[in-house]
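This is what each chain is made of:
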Amino acid sequence: MATEKENKTSAENSAKIGSPIPRAGVDKSATLGGVQSHGDFDAQEEISALRRELEIVRQQFVTAADAVKGGARQVARQTEATVKLYPVSTLVTVAALAGAFAFAVAGLRATPSRSRYERTLDDLRDMFDKVRDRF
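A few words on the overall build of the chain. Of the regular secondary structure elements, the chain holds 4 helices and 2 strands. Along its sequence from the N terminus, the chain presents helices and strands in the succession α-β-β-α-α-α. With the model as given, the accessible surface of the chain reaches about 13,300 Å², and the carbon-plus-sulfur share is 61%.

So, in structure tokens, the structure goes:
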């Protein structure tokens, strides 16, 4: 059985709860362990590579924005041409869409909302009906 002095030294040597665990690589073939060296690190090279990637992403974003703008302009021109060529058909179509939207909104509001008082009163009436049916 270990003495009190031995217990204290083993407790002192053990890791404390919450202490960080060191990261290390283990080479099983050579049975070596420890933190491996990372070689030379050139910060300027990394920063220039990141700047190149950022410029590529920026260029792709500008290209996509131009495509969206061009598409919106084309849709506006086509709509204007359609309205000029078919004014009555356009008016009927817009009226039908507005009516469909109005009916959809009115359908959502068709059922009146019941207050909490009315729901509670209905629940009490149901309960009394069930009690009457038993007797």
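Attention now moves to the pattern of salt bridges. Applying the stated criterion across every chain yields a total of 4 salt bridges. Here Lys84 makes a salt bridge to Glu80, at a shortest N to O gap of 3.4 Å. Pair noted here: Lys84 and Glu80 are both in helix α2 (residues 43-85), with a separation of 4 residues, about one helical turn. The class for Lys84 is exposed, based on a relative accessible area of 62%. You can call Glu80 partly exposed: its relative accessible area is 45%.

Per-chain confidence: the chain averages 79 in pLDDT, with 69% of residues scoring 70 or above. The secondary-structure element of the chain with the lowest mean pLDDT is helix α1 (residues 4-13), recorded at 54, while α2 shows the highest, at 91.

Together, Leu124, Met127, Phe128, Val131 and Phe135 line one region of the surface with nonpolar side chains, adding up to about 550 Å² of accessible area. In this structure Val131 comes out as partly exposed when scored by relative accessible area, which is 37%.

Glancing now at a negative patch on the surface. A cluster of acidic residues, Asp40, Asp42, Glu45 and Glu46, forms a negative patch at the surface. By the element assignment, Asp42 lies in the loop between β2 (32-34) and α2.

The rules behind the values
- Residues numbered from 1 in each chain as written.
- Predicted model: local features only at pLDDT ≥ 70, side-chain atom pairs only at ≥ 80, totals over all residues.
- Heavy atoms only, no water.
- Helix = DSSP H or I, 4+ residues; strand = E, 2+ residues; numbered from the N terminus.
- Areas by Shrake-Rupley, 256 points an atom, 1.4 Å probe, with all protein chains shown as cover.
- Salt bridge = Lys/Arg side-chain N within 4 Å of Asp/Glu carboxyl O.
- Buried < 20%, exposed > 50% of the residue type's maximum accessible area, 1.4 Å probe, protein only.
- pLDDT = per-residue confidence, 0-100.
- Patch = residues over 30% accessible without salt bridge, like charges linked within 9 Å, V, L, I, M, F, W, Y side chains within 5 Å.
- Lys, Arg positive; Asp, Glu negative; His and termini not counted.
- Charge placed at Lys NZ, Arg CZ, Asp CG, Glu CD.

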